[in-house]
Amino acid sequence: MTLENRIVAALSTLGLPVSQGPYLEDRDKYLCYYVSRSGTNWADDGPGAEVCRVQVHLFAPVTENINALVRLAQNALYAADFGWPEAVDATDKDGRHIVLETTWLEAL
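For clarity, every value in this text was computed on a predicted model and none was experimentally measured. (Residues numbered from 1 in each chain as written. Predicted model: local features only at pLDDT ≥ 70, side-chain atom pairs only at ≥ 80, totals over all residues. Heavy atoms only, no water.)

## Digging into the sheet that holds strand β2 (residues 30-43)
Moving on, step 1. Ordered by their spatial adjacency, 5 strands build an open sheet running β1-β2-β3-β5-β4, and the pairing between neighbours is mixed. Each having just a single partner strand, β1 (18-20) and β4 (86-89) make up the two edges of the open sheet. Neighbouring strand axes in the sheet, compared pairwise and without regard to direction, differ in orientation by 30 degrees on average.
Moving on, step 2. Pairing of strand β3 (residues 46-60) with strand β5 (residues 96-107), which is carried by 12 bridges, proceeds in the antiparallel orientation. If you follow Ala-49 over to β5, its bridge partner there is Ala-107.
Moving on, step 3. Its contacts with the sheet place helix α1 (residues 3-12) against β1, β2, β3 and β5, and it is angled at close to 140 degrees to β2.
Moving on, step 4. The sheet strands contacting helix α2 (residues 67-79) are β3, β4 and β5, and the helix crosses β5 at an angle near 5 degrees. (Pairing = 2+ DSSP bridges. Helix = DSSP H or I, 4+ residues; strand = E, 2+ residues; numbered from the N terminus. Axes fitted to C-alpha atoms, helices over the stretch in contact; angles between N-to-C directions. Contact = heavy atoms within 4.5 Å.)

## As for the pairing of β5
Moving on, step 1. One ladder, built from 4 bridges, connects β4 with β5; its direction is antiparallel. Bridge pairing links Ala-87 to Leu-100 in β5.
Moving on, step 2. What sits between the antiparallel neighbours β4 and β5 is a turn of 6 residues.

## Thoughts on the nonpolar core
Moving on, step 1. Val-56, Leu-58 and Phe-82 are the most contacted members of the largest nonpolar core, which totals 23 residues.
Moving on, step 2. Broken down by secondary-structure element, the contributors of at least two residues to this core are α1, β2, β3, α2 and β5.
Moving on, step 3. The element that contributes the greatest number of residues to this core is β3, accounting for 5 residues.
Moving on, step 4. Excluding anything up to four places from it in sequence, Val-56 contacts Leu-11, Leu-31, Cys-32, Tyr-33, Leu-77, Ile-98, Val-99 and Leu-100. (Core = buried A, V, L, I, M, F, W, Y, C linked by side-chain atoms within 4.5 Å. Buried < 20%, exposed > 50% of the residue type's maximum accessible area, 1.4 Å probe, protein only.)

Listed below in structure tokens is the structure:
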């Protein structure tokens, strides 16, 4: 299973649309994710693994209380063997926006 498939499988349990990169449909509540990768465990002139930094963005209407949904998303990612996701509130006047940040270590 690819990292991207693992992310989608975990988040799909929430019943919201999930996309890699920007979500382009007209929905008021959805998830999108981004992955950045860098080498680690260097030996023999190369990395032995990749650290994958995963950001999951949860968007919802500004008037909606999504605290329980944030906890469900954290639990879903953790249950899929990601590190415990940190939740950062990036809400503004246009809507609720929670960024979940976690990591995945992938052997090369």
